[in-house]
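One-letter residues, chain by chain:
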Amino acid sequence: MYSGLCRRQGSRFHVKIYSRITEVEETTTVAAPMKEVSTPAATQVESSGVRQFLQGNAYLLAVAILWGSYTPVLKILFNLEDGPTPELVAWIRGVLQATILGSILLSSNYLAKANSDDASPGGHTTQIGSFEVPTVLVGALEIGFYNCGATLLQTEGISMSGAIRAAFLIQATALWTPLLSTLLGERPALWQWVGSFIALCSALIVTLDQKMGGGGGQAVLDSGGSFPNTGDLYILGATVSYSLATVRIPSYAKNLSPLELAVGKSSVLALVASALLLYEIPQGGSIASLWPAYQEQMSAWGCLLWAAVFCGALTAFLHVKGQSLVSATEAQLVFSTVPLWSAIIAAIILPNEHLGPLTWLGGAMMIVAGIVSSKSKTQ
């Protein structure tokens, strides 16, 4: 009996020892791979973040260059004798832009994907009171309202001011964007405030170049006189609307495709511009009365197509696409290069619009602002 008991206790002892050894082996076997997998996963996430940052800024840089061409191209139109009125230009641009983007949206089978069982951006709704409204409609109305106001105010301002002056004044958005971001609950980092301040200073330096005559004698006369004039006030009003759009786009870009949001805001511009156009047409007159020489000025039609297709439809898509990947303040720092592109393009296509030394200094400061922006991404 005693020997049997010893054998049983011995076997239990061996079982316990075996169980402990097995547990240790299992723990070692499971723990080791977790340590090895974590590093590549973290590296992949970090690499994805950097790639996203570079992609978003590439889109926004293309937008900045195209926006830079917008002011000089419109100035060509407004310098024409018997050329189109600002209201007609805004209407043509809005209608063409909405038509182009709407056609692309319909032909891309996006609506069919939105109605599928898979979760898609088109299926999101926003609660307004006791109603659930499609997010695409809410986003189109809000962003479209800001974009429309900015476009109309800027177009009117450009008709009263110089091309380069108008391009630099629009950079007041560099200050409004972080301020509005703060009011709406975001917390821009210190480096973003520093970059925005540098961008704003660079725009003011280039404007000072024009006031001092560094951009050529005619540029000073073309600048609209003393600061601020009526054109300046229109453009400064446009900066507030542009900044509001810049700050609010990311909140909708999470749930909507760039094409949807671009079509929405372009449609709002077309509708509002159409209403203003009907108001501007003289009683008993026609649209032709707003552009008496529309049959002879074929080059003006080329400028309008450029403003609508490239500065309008393409930038509307790329703007939303880029801001779905980067923050509002980071986007604003890229947009701070717009006056540099405007100055270069204006010097090429507009007579008597030349770059002075302070303009080049301001352009260099804009590049510094971009470097400050990207610094936190590399740390």
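Residues numbered from 1 in each chain as written. Predicted model: local features only at pLDDT ≥ 70, side-chain atom pairs only at ≥ 80, totals over all residues. Heavy atoms only, no water.

A. Spatial organisation of the environment of Asn255. Along the chain, Asn255 turns up in the loop between helix H9 (230–253) and helix H10 (258–280). In sequence terms Asn255 and Ser324 are 69 residues apart; their C-alpha atoms lie 9.7 Å from each other. (Helix = DSSP H or I, 4+ residues; strand = E, 2+ residues; numbered from the N terminus.)

B. Quick peek at the packing of helix H6 (residues 173–183) against H9. Their axes nearest at 9 Å, the elements H6 and H9 cross at an angle of 45 degrees. Classed by the angle they form, the pair H6 and H9 counts as oblique. In this structure, H6 crosses over H9, and the sense of that crossing is right-handed. Residue-level inspection shows Thr173, Trp176, Thr177, Leu180 and Ser181 of H6 in contact with H9, the latter providing Thr239, Val240, Tyr242, Ser243, Leu244, Thr246 and Val247. Split into classes, the residues belonging to the contact of H6 with H9 amount to six nonpolar, six polar and no charged. (Axes fitted to C-alpha atoms, helices over the stretch in contact; angles between N-to-C directions. Parallel < 35°, antiparallel > 145°, perpendicular 65-115°, else oblique. Left-handed = near helix turned anticlockwise from the far one by under 90°. Contact = heavy atoms within 4.5 Å. Nonpolar A, V, L, I, M, F, W, Y, C, P; charged D, E, K, R; others polar.)

C. Expanded view of the pattern of salt bridges. The tally for this structure, following the rule as stated, stands at one salt bridge. Among the ionic pairs, Arg248 bridges to Glu142, the shortest N-O distance being 2.7 Å. One end of the pair, Arg248, is in helix H9; the other, Glu142, is in helix H4 (residues 135–158), with 106 residues separating them in the sequence. Of the residues examined, Arg248 reaches a relative accessible area of 23% and is grouped as partly exposed. (Salt bridge = Lys/Arg side-chain N within 4 Å of Asp/Glu carboxyl O. Buried < 20%, exposed > 50% of the residue type's maximum accessible area, 1.4 Å probe, protein only.)

D. Just unusual backbone geometry, in detail. In this model, Asp82 sits at a positive phi of 60 degrees, which is unusual for a non-glycine residue. Summarising the element assignment, Asp82 is placed in the loop between helix H1 (2–79) and helix H2 (86–107).

E. Quick peek at empty space enclosed by the protein. Within this structure, the stated rule accounts for three cavities of 30 Å³ or more. Of the voids in this model, the largest cavity is the one considered here, and its volume is about 220 Å³. Considering the residues around the largest cavity, the lining is formed by 15 residues, among which Trp67, Gln154, Ile170, Tyr242 and Val338 are closest to the centre. Those elements that place two or more of their residues in the lining of the largest cavity are H1, H9 and helix H12 (328–335). With three residues, H1 is the largest single contributor of residues to the lining of the largest cavity. Here the residues of the lining of the largest cavity are counted per class, giving eight nonpolar, six polar and one charged. Size it by volume and the second largest cavity reaches roughly 60 Å³. Forming the walls of the second largest cavity are Trp67, Arg93, Gln97, Asn147, Thr151, Tyr242, Lys265, Cys311, Gly312, Thr315 and Ala316. Counting only elements with at least two residues in the lining of the second largest cavity, the list comes to H2, H4 and helix H11 (298–323). A per-element tally of the lining of the second largest cavity places H11 first, with four residues. (1 Å grid on protein atoms, 1.4 Å probe; cavity = no way out; pocket = protein on both sides within 12 Å on 5 of 7 lines; lining within 4 Å. Points joined across faces, edges and corners; volume = space filled by probe spheres on them.)

F. Representation of the environment of Trp176 within the structure. Within the secondary structure, Trp176 is located in helix H6. The spacing of Trp176 and Val247 is 71 residues in sequence and 9.6 Å in space, taken between C-alpha atoms. Residues in contact with Trp176, not counting those within four places in the same chain, are Thr239, Val240 and Ser243. Here Thr239 takes part through its side chain, which lies 3.1 Å from a polar atom of the side chain of Trp176. (Polar contact = N/O pair within 3.5 Å; in protein donor to acceptor, adjacent residues only side chain to side chain.)

G. Representation of helix H13 (residues 338–349) within the structure. Given a rise of 1.5 Å per residue, 12 residues ought to cover 16 Å, and the 16 Å separating the end C-alpha atoms of H13 matches this to within 8%. Every buried residue of H13 is accounted for by Val338, Pro339, Leu340, Ser342, Ala343, Ile345 and Ala346. (Expected span 1.5 Å × (residues − 1).)

H. Geometry of the side chain of Thr71. For Thr71, the position within the fold is in helix H1. Not counting residues up to four positions away in its chain, the partners in contact with Thr71 are Gln154, Ile158, Ala163, Ala166 and Ala167.

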